[in-house]
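Tertiary structure, described
Here are the chains, one letter per residue:
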Amino acid sequence: MLGGTRLGRSTAAALTALVAAGALAGCGGGDAEAAETLTVYSAQHESLVRTMLEGFTEETGIALEFRDANDAELANQIVQEGEASPADVFLTENSPSIDVLDREGLLAPLDQSTLDQVGAQYRPSSGNWTGFAARSTVLVHNPAQLPQDQLPASILDLANPEWQGRIGIAAGGADFQAIVAGVLALRGEEATRAWLEGLERNANVYPSNSAVMVAADEGEIDAGVMYHYYFYRDRAENGLKSDDAELHFFRNSDPGAFLSISGAGVLASSDQPEQAQRLVAYLTSPPAQQRLAESTALEYAVGNDVPSAEALPPLAELQAPQVDPGSLDQQRVTELMQDVGLL
Ligand SMILES: [Fe+2]
């Protein structure tokens, strides 16, 4: 999704002009009158982010300009740009990439009132970014080939010889790599390496979660690892890619029940830190979280007291393992996956 559309340059320009006109007319002093545009680097699904931020510009007079690419691309770009980065806010699909920036000291602490809008399990202990959505790891399976009573108890079982040639993963994507980071945080390096070696022997590698789901649906594989929402979205649309498949949630605090957090943070180098803080506050506020819950994205809301879409099993019942999202080590994951030949 490189070079995705912005809020529309003309819209942004018009808003900027409007705010500037207000300033010239002398309506009040202070920051509010300045012509403002925040640059948002966003790796989350474009439509979800736009839906959640609906109304932000109207409410605040702050225009938004988006740069859309994947988690790793944008994180690397910010690291390379350093102090000169035009990014004010970074939104990721999964948390390892935003945590890379936190470790580099590139994020500003978030306002406590923003952190307080999201449950502590959905943000890092550093307080330098916060979750704004969550996605659950699942096993998508073909029940005709893999009935319920033969499902693996743990995602770690997929490394065992009996799964050779029967499973699928999207190894190259940030989604799958976040799950590996979860396994690494929960079980340590030795167990993770052994698991990855098993997957390298057993799994067909697909280019995306959707491709994994289609392969399971069509019986090309018996089961695959992905996130829950691809399944629910397809079922909500027409079921064409999922009607012969089912989902298995591992639960029991298994690494396979890992919950991946979409992260939002303010760059320490932003020249509009107050406005950037406002955007993250807005994204985690009840109205934005409610729009997420009501949207077709079918990811989980993480704002306090905002229930997720009714089609989904409640977040609290997924028995996700406890992982500080600030403890996920993307760099080590990349090295391990390269070592075993999955990347
Ligand atoms: Fe996705």
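Residues numbered from 1 in each chain as written. Predicted model: local features only at pLDDT ≥ 70, side-chain atom pairs only at ≥ 80, totals over all residues. Heavy atoms only, no water.

Basically, it comes down to this: UniProt positions are given in the numbering used here, feature names are shortened, and annotations may be inferred rather than shown by experiment.
Named according to an unreviewed UniProt entry, the protein chain is Extracellular solute-binding protein family 1 originating from Geodermatophilus obscurus. As stated in UniProt under Sequence similarities (unreviewed entry), the record for the protein chain gives "Belongs to the bacterial solute-binding protein 1 family."

Thoughts on the UniProt feature "binding site: Fe cation" (unreviewed entry) in the protein chain
This is how the line gets drawn: Think of it this way: any DSSP run of H or I at least four residues long counts as a helix, any run of E at least two long counts as a strand, and we number them from the N terminus. Throughout this description, buried means an accessible area under 20% of the type-specific maximum (1.4 Å probe, protein chains only), exposed means over 50%, and partly exposed covers the range between. Polar contacts, as counted here, are pairs of nitrogen or oxygen atoms within 3.5 Å of one another; within protein the pair requires one atom able to donate a hydrogen and one able to accept it, and residues that are adjacent in sequence qualify only if both atoms are side-chain atoms.
Under the feature "binding site: Fe cation" (unreviewed entry), the UniProt entry names His-45, Glu-93, Tyr-229 and Tyr-230. Their sequence span is 186 residues, while the largest C-alpha to C-alpha distance among them is just 13.8 Å; these annotated residues converge on one region. One can find His-45 in the loop between β1 (36-42) and α2 (46-52). Its location among the elements puts Glu-93 in the loop between β3 (89-91) and α5 (96-103). By relative accessible area, which is 13% here, Glu-93 ends up buried. Within the structure, Glu-93 has its side chain in polar contact with the side chain of His-45 (distance 2.8 Å).

Focus: the pairing of strand β2 (residues 62-68)
The test is simple: When DSSP finds two or more bridges between a pair of strands, those strands are recorded as paired.
Most of β2 is tucked away: five of the seven residues are buried. Two strands pair when backbone bridges link them, and β1 and β2 are joined in this way by seven bridges, in the parallel orientation. What sits directly across from Val-40, in β2, is Phe-66.

Some remarks on the coordination of the iron ion
Cut-off, in case you're wondering: Note that water is not among the atoms used; donors are N, O and S atoms within 2.8 Å of the metal (3.2 Å for Na, K and Ca), so sites may look incomplete. The rule is simple: four donors are tetrahedral if all their angles sit between 85 and 135 degrees, four are square planar and six octahedral if opposite donors span more than 155 degrees and the others lie between 65 and 115, and anything that fits none of that is irregular.
Bound to the iron ion on the protein side are His-45 (NE2), Glu-93 (OE), Tyr-229 (OH) and Tyr-230 (OH), at distances that span 2.0 to 2.1 Å. Because the angles between the four donor atoms bound to the iron ion fall within 84 to 151°, the donor set is best described as irregular. Here the donor residues of the iron ion are spaced in sequence according to H-x47-E-x135-Y-Y. One end of the pair, His-45, is in the loop between β1 and α2; the other, Tyr-230, is in helix α9 (residues 228-237), and 185 residues separate them in sequence. With relative accessibility at 19%, the residue His-45 sits in the buried group. For Tyr-230, a relative accessible area of 12% puts it in the buried group.

What about the packing of aromatic side chains?
The condition that has to hold: Aromatic pairing here means that ring centres of Phe, Tyr or Trp (its six-membered ring) are within 6.5 Å. Orientation follows from the plane angle: under 30 degrees is stacked, over 60 is edge-to-face, and everything else is tilted. Lysine and arginine charges are scored as sitting over a ring when NZ or CZ, respectively, is within 6 Å of the ring centre and within 35 degrees of the ring normal.
In this structure the tally under the stated criterion is five aromatic pairs. Ring geometry for Phe-56 versus Tyr-282: centroids 5.2 Å apart, planes at 75°, classification edge-to-face. Remark: Tyr-282 occurs in helix α10 (residues 273-283) and Phe-56 occurs in helix α3 (residues 56-60); sequence separation between them is 226 residues. Across this residue pair, the class does not change: Phe-56 and Tyr-282 are buried. Both rings, one in Phe-231 and one in Tyr-232, keep their centres 5.4 Å apart while their planes meet at 85°; by these two values the pair is edge-to-face. Among the aromatic residues, those joined into a ring-pair cluster are Tyr-227, Tyr-229 and Tyr-230. When the ring centre of Phe-66 is taken as origin, the NZ or CZ atom of Arg-50, which lies over that ring, is 3.6 Å away.

Observations regarding the pattern of salt bridges
The test is simple: Put simply, a salt bridge is a Lys or Arg side-chain nitrogen that is within 4 Å of an Asp or Glu carboxyl oxygen.
A complete count under the given rule lists 11 salt bridges for this structure. The salt bridge involving Arg-135 is made with Glu-93; its shortest N-O contact spans 2.9 Å. Note that Arg-135 is positioned in strand β5 (residues 130-141) and Glu-93 in the loop between β3 and α5, a separation of 42 residues in sequence. This pair shows no difference in class: Arg-135 is buried, exactly as Glu-93 is. Residues Arg-166 and Asp-222 are paired through a salt bridge, measuring 2.7 Å at the closest nitrogen-oxygen approach. With Arg-166 in the loop between β5 and β6 (167-169) and Asp-222 in the loop between α8 (209-217) and β8 (223-227), the pair connects residues that are 56 residues apart, well separated along the chain. Classification of Arg-166 by relative accessible area gives partly exposed; the value is 23%. Several salt bridges converge on common partners, so that one network encompasses Glu-93, Arg-135, Asp-175 and Glu-299.

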